[in-house]
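# Geometric and topological summary
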Amino acid sequence: VSVNVYHALFSLLRIRNPADYVHVQAKALNGGFNGMLIPGRALQRGVLVGRRSRVHPGASFDPPVLIGSHCRVGAGSLLGPGTVISDHVILDENVSIHRSVVLGHTFVGSNIEIRDSIVMRNWVFRVPESLSVYLGDELILGDLSKRSLAKKGEFLFNRILASLFFLISLPVLVILCL
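Keep in mind it's a predicted model, so treat the numbers as computed, not measured.

Calculation rules
- Residues numbered from 1 in each chain as written.
- Predicted model: local features only at pLDDT ≥ 70, side-chain atom pairs only at ≥ 80, totals over all residues.
- Heavy atoms only, no water.
- Pairing = 2+ DSSP bridges.
- Helix = DSSP H or I, 4+ residues; strand = E, 2+ residues; numbered from the N terminus.
- Salt bridge = Lys/Arg side-chain N within 4 Å of Asp/Glu carboxyl O.
- Buried < 20%, exposed > 50% of the residue type's maximum accessible area, 1.4 Å probe, protein only.
- Expected span 1.5 Å × (residues − 1).
- Contact = heavy atoms within 4.5 Å.
- Polar contact = N/O pair within 3.5 Å; in protein donor to acceptor, adjacent residues only side chain to side chain.
- Core = buried A, V, L, I, M, F, W, Y, C linked by side-chain atoms within 4.5 Å.
- pLDDT = per-residue confidence, 0-100.

### Focus on the pairing of strand S14 (residues 117–120)
Two strands pair when backbone bridges link them, and strand S11 (residues 101–102) and S14 are joined in this way by two bridges, in the parallel orientation. Directly across from Val102, in S14, lies its bridge partner Val119. As defined by bridge partners, S14 adjoins strand S15 (residues 123–126) across four bridges and the pair is classed as antiparallel. The residue of S15 that forms the bridge with Met120 is Trp123. Here S14 folds back onto S15 in antiparallel fashion, the turn holding two residues, of which Arg121 has a positive phi close to 55°.

Next comes the structure, spelled out in structure tokens:
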């Protein structure tokens, strides 16, 4: 039996609870792990944005902030220090997020303020209080994966309906052409 060993130039941190998770995310953004490369282009110093993400010019930042790929940040939004936005997230207008992590496929509605939290689709976990809240209102917090599935179903339904109408109206079109 052979054993391969790799000596890493960084230390590992254990994540035992959500507060540790948010802390490790903020530490990574602040350069706390030597040699760690965070993907994204620099929008401004300390603000990294992933591929195909759109950030409204009216949005403002208090670095360090990381925005993942395929995200949209609305006008008047303020993203504060230690904020991590995962891939496929939509932040509507006037959203304020500080020291929080928003996980993928999440919609955050307009005029929402999030602090010291982990947000995943319709769930908000407040780190200091260890309080978990589910919001059923899709206009406040929503699941984008449901929306994409609904859009695909709507697209398929529209195609089938258009084909059916075309087949029904085809004899009438042929008679009119003759």
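There's plenty left to go through after this.
### Looking at the sheet that holds strand S3 (residues 54–55)
Strand order across the open sheet formed by five strands is S3-S6-S9-S12-S17, with mixed pairing between neighbours. Each having just a single partner strand, S3 and strand S17 (141–143) make up the two edges of the open sheet. In this structure, S3 lies alongside strand S6 (residues 72–73), joined through two bridges in parallel fashion. Bridging across to S6, Arg54 finds its partner in Arg72.

### Concerning the pattern of salt bridges
A complete count under the given rule lists four salt bridges for this structure. Note that Arg16 and Asp20 form a salt bridge whose closest N and O atoms lie 4.0 Å from each other. Look at Asp20 and you get buried, because its relative accessible area is 18%. Between Arg126 and Glu129 there is a salt bridge, with its nearest N and O atoms 3.1 Å apart.

### Digging into the pairing of S15
Bridge count between S15 and strand S16 (residues 131–134): four bridges; the pairing is antiparallel. Pairing of Phe125 across the sheet is with Ser132, part of S16. If you look at the hairpin formed by S15 and S16, you'll find four residues sitting between the two strands, and Ser130 has a positive phi there, around 55°.

### Notes on helix H1 (residues 18–29)
Compared with an ideal rise of 1.5 Å per residue, which puts twelve residues at 16 Å, H1 spans 17 Å between its outermost C-alpha atoms and is within 8% of the ideal. Within the span of H1, buried status applies to Asp20, Val22, Val24, Ala26, Ala28 and Leu29. Tucked inside the fold, the buried residues of H1 contact strand S5 (65–67), strand S8 (83–85), S11 and S14. Capping the start of H1 is the job of one residue whose side-chain oxygen sits 3.1 Å from the backbone nitrogen of Ala19: Asn17. The first or second residue beyond H1 is Gly31, which carries a positive phi of 80°.

### Considerations on the nonpolar core
Side chains of a nonpolar character, in soluble globular proteins, are inclined to be buried together. Of all hydrophobic cores here, the largest spans 21 residues; its most connected members are Ile67, Leu79, Ile85, Leu91, Ile97 and Val108. At the level of elements, strand S2 (47–49), S5 and strand S9 (89–91) are the ones that each hand at least two residues to this core. If sequence neighbours within four positions are ignored, Ile85 has contacts with Leu66, Ile67, Gly68, Cys71, Leu79, Leu91, Ile97 and Val102. Leu29, Val84, Val101 and Val127 belong to the second-largest nonpolar core, a separate cluster that totals seven residues.

### Details of the confidence of the model for the protein chain
Predicted coordinates in regions of low pLDDT should not be interpreted in detail. Across the protein chain, the average pLDDT comes to 86, with 90% of residues at 70 or higher. For the protein chain, S17 is the element with the lowest average pLDDT, namely 78, and strand S7 (residues 78–79) is the one with the highest, namely 97.

### Let's talk about unusual backbone geometry
The residue after Pro63, namely Pro64, is reached through a cis peptide bond having omega 0°. With respect to the secondary-structure elements, Pro64 resides in the loop between strand S4 (60–61) and S5. Positive phi outside glycine occurs at His70, with the angle close to 60°. Residue position: His70 is located in the loop between S5 and S6. Given a relative accessible area of 31%, His70 falls into the partly exposed group. Backbone geometry at His88 places phi at a positive 60°, although glycine is not the residue there. Take His88: it is sitting in the loop between S8 and S9. For His88, a relative accessible area of 34% puts it in the partly exposed group.

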